[in-house]
Amino acid sequence: MSNVEKCGIVNGSITKESAEKMKIIGIGNTAEVYEYGEGKVCKLFVEGYPREYVELEYGNAEEMYRMGIRVPKPYELVLIENRNGIIYEKIDGISLLHQMMNDGEHIDEYLEKAVLVQKEILAKKPGKLLSYKDFIRGIFAGKNIKDEDIFHKIQMLLLNLS
């Protein structure tokens, strides 16, 4: 039985019964993440999300994984019910972005971790990757950051990456 069948997705169609079999493990602004069989997840973007952005994310993830950066392994691009998606290796834990958005008390620590990851990426000379500065801008675009101190620190991070 394939991962798609294990998740209840048949012929690209998610039925009510199928959706009940899929365990949603994350919801973001642009995508939902579902368990996808043994040791994998399916990041399924909202309908209408541009395919080129999904392909860019996939290409970035593939390149970072190839360079030995600690990221989930990207397996393949998928199309399910008119929604583009990426199959990734499942990594258990809490994302750095989640921590940054929900724990302002430790924002300096999280921003430092983000900068260290960026430095690791840059040290490997990634020619094809989206810049971290542009990535950070994209992550926080449209987010309502109520804490002025956190907003200022994010702005300073972006300036320091120039």
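Refer to the structure printed above.
Keep in mind the model is a prediction, meaning the values are calculated, not measured.

Draft legend 1. Spatial organisation of the overall build of the protein chain. Of the regular secondary structure elements, the protein chain holds seven helices and seven strands. Ordering the α and β elements of the protein chain from the N terminus gives α-β-β-α-β-β-β-α-β-β-α-α-α-α. Here the protein chain holds 162 residues, and the buried ones make up 31% of them. Put simply, 52% of the contacts in the protein chain that link residues at least 6 apart link residues at least 24 apart. Of the accessible surface of the protein chain, which amounts to about 10,400 Å², a share of 51% is contributed by carbon and sulfur atoms.

Draft legend 2. Representation of the pattern of salt bridges. Applying the stated criterion across every chain yields a total of seven salt bridges. Its salt-bridge partner being Glu-35, residue Lys-90 comes within 2.9 Å of it at the nearest N-O pair. One end of the pair, Lys-90, is in the loop between strand S7 (83–89) and helix H4 (96–102); the other, Glu-35, is in strand S4 (residues 31–35), and 55 residues separate them in sequence. For Lys-90, a relative accessible area of 28% puts it in the partly exposed group. A salt bridge links Glu-109 to Lys-113; its shortest N-O distance comes to 3.8 Å. Of this pair, Glu-109 and Lys-113 are both found in helix H5 (residues 107–123), four residues apart, which corresponds to roughly one turn of the helix. Here Glu-109 falls in the partly exposed class, since its relative accessible area comes to 39%. One salt-bridge network, in which partners are shared between bridges, spans Glu-35, Lys-90 and Asp-92.

Draft legend 3. Structural detail: the sheet that holds S7. The sheet built from five strands is open, its strands ordered S3-S4-S5-S7-S6 with antiparallel pairing. Single-partner strands in this sheet number two, and they are strand S3 (24–27) and strand S6 (74–80). Each neighbouring strand pair of the sheet contributes to a mean axis angle of 25°, computed without reference to strand direction. Sheet topology note: the S3/S4 ladder contains three bridges and is antiparallel. If you follow Ile-24 over to S4, its bridge partner there is Tyr-34. Helix H3 (residues 51–66) rests against strand S5 (40–45), S6 and S7 of the sheet, and its axis sits at about 165° to S6.

Draft legend 4. Structural view of unusual backbone geometry. A positive phi angle, close to 50°, is found at Glu-81, a residue other than glycine. Tracing the backbone through its elements, the reader meets Glu-81 in the loop between S6 and S7. Positive phi values are uncommon outside glycine, yet Asn-82 reaches one of about 60°. Summarising the element assignment, Asn-82 is placed in the loop between S6 and S7. Residue Asn-82 is classed as exposed on the basis of its relative accessible area of 55%.

Draft legend 5. The arrangement of H3 in detail. Counted at 1.5 Å a residue, the expected span for H3 with its 16 residues is 22 Å, and the 22 Å between its end C-alpha atoms agrees. Residues of H3 that are buried include every one of Val-54, Tyr-58, Asn-60, Ala-61, Glu-63 and Met-64, and no others. Tucked inside the fold, the buried residues of H3 contact S5, S6, S7 and H5. Residue Gly-68 follows H3 closely and has a positive phi angle near 85°.

Calculation notes
Residues numbered from 1 in each chain as written. Predicted model: local features only at pLDDT ≥ 70, side-chain atom pairs only at ≥ 80, totals over all residues. Heavy atoms only, no water. Helix = DSSP H or I, 4+ residues; strand = E, 2+ residues; numbered from the N terminus. Buried < 20%, exposed > 50% of the residue type's maximum accessible area, 1.4 Å probe, protein only. Contact = heavy atoms within 4.5 Å. Areas by Shrake-Rupley, 256 points an atom, 1.4 Å probe, with all protein chains shown as cover. Salt bridge = Lys/Arg side-chain N within 4 Å of Asp/Glu carboxyl O. Pairing = 2+ DSSP bridges. Axes fitted to C-alpha atoms, helices over the stretch in contact; angles between N-to-C directions. Expected span 1.5 Å × (residues − 1).

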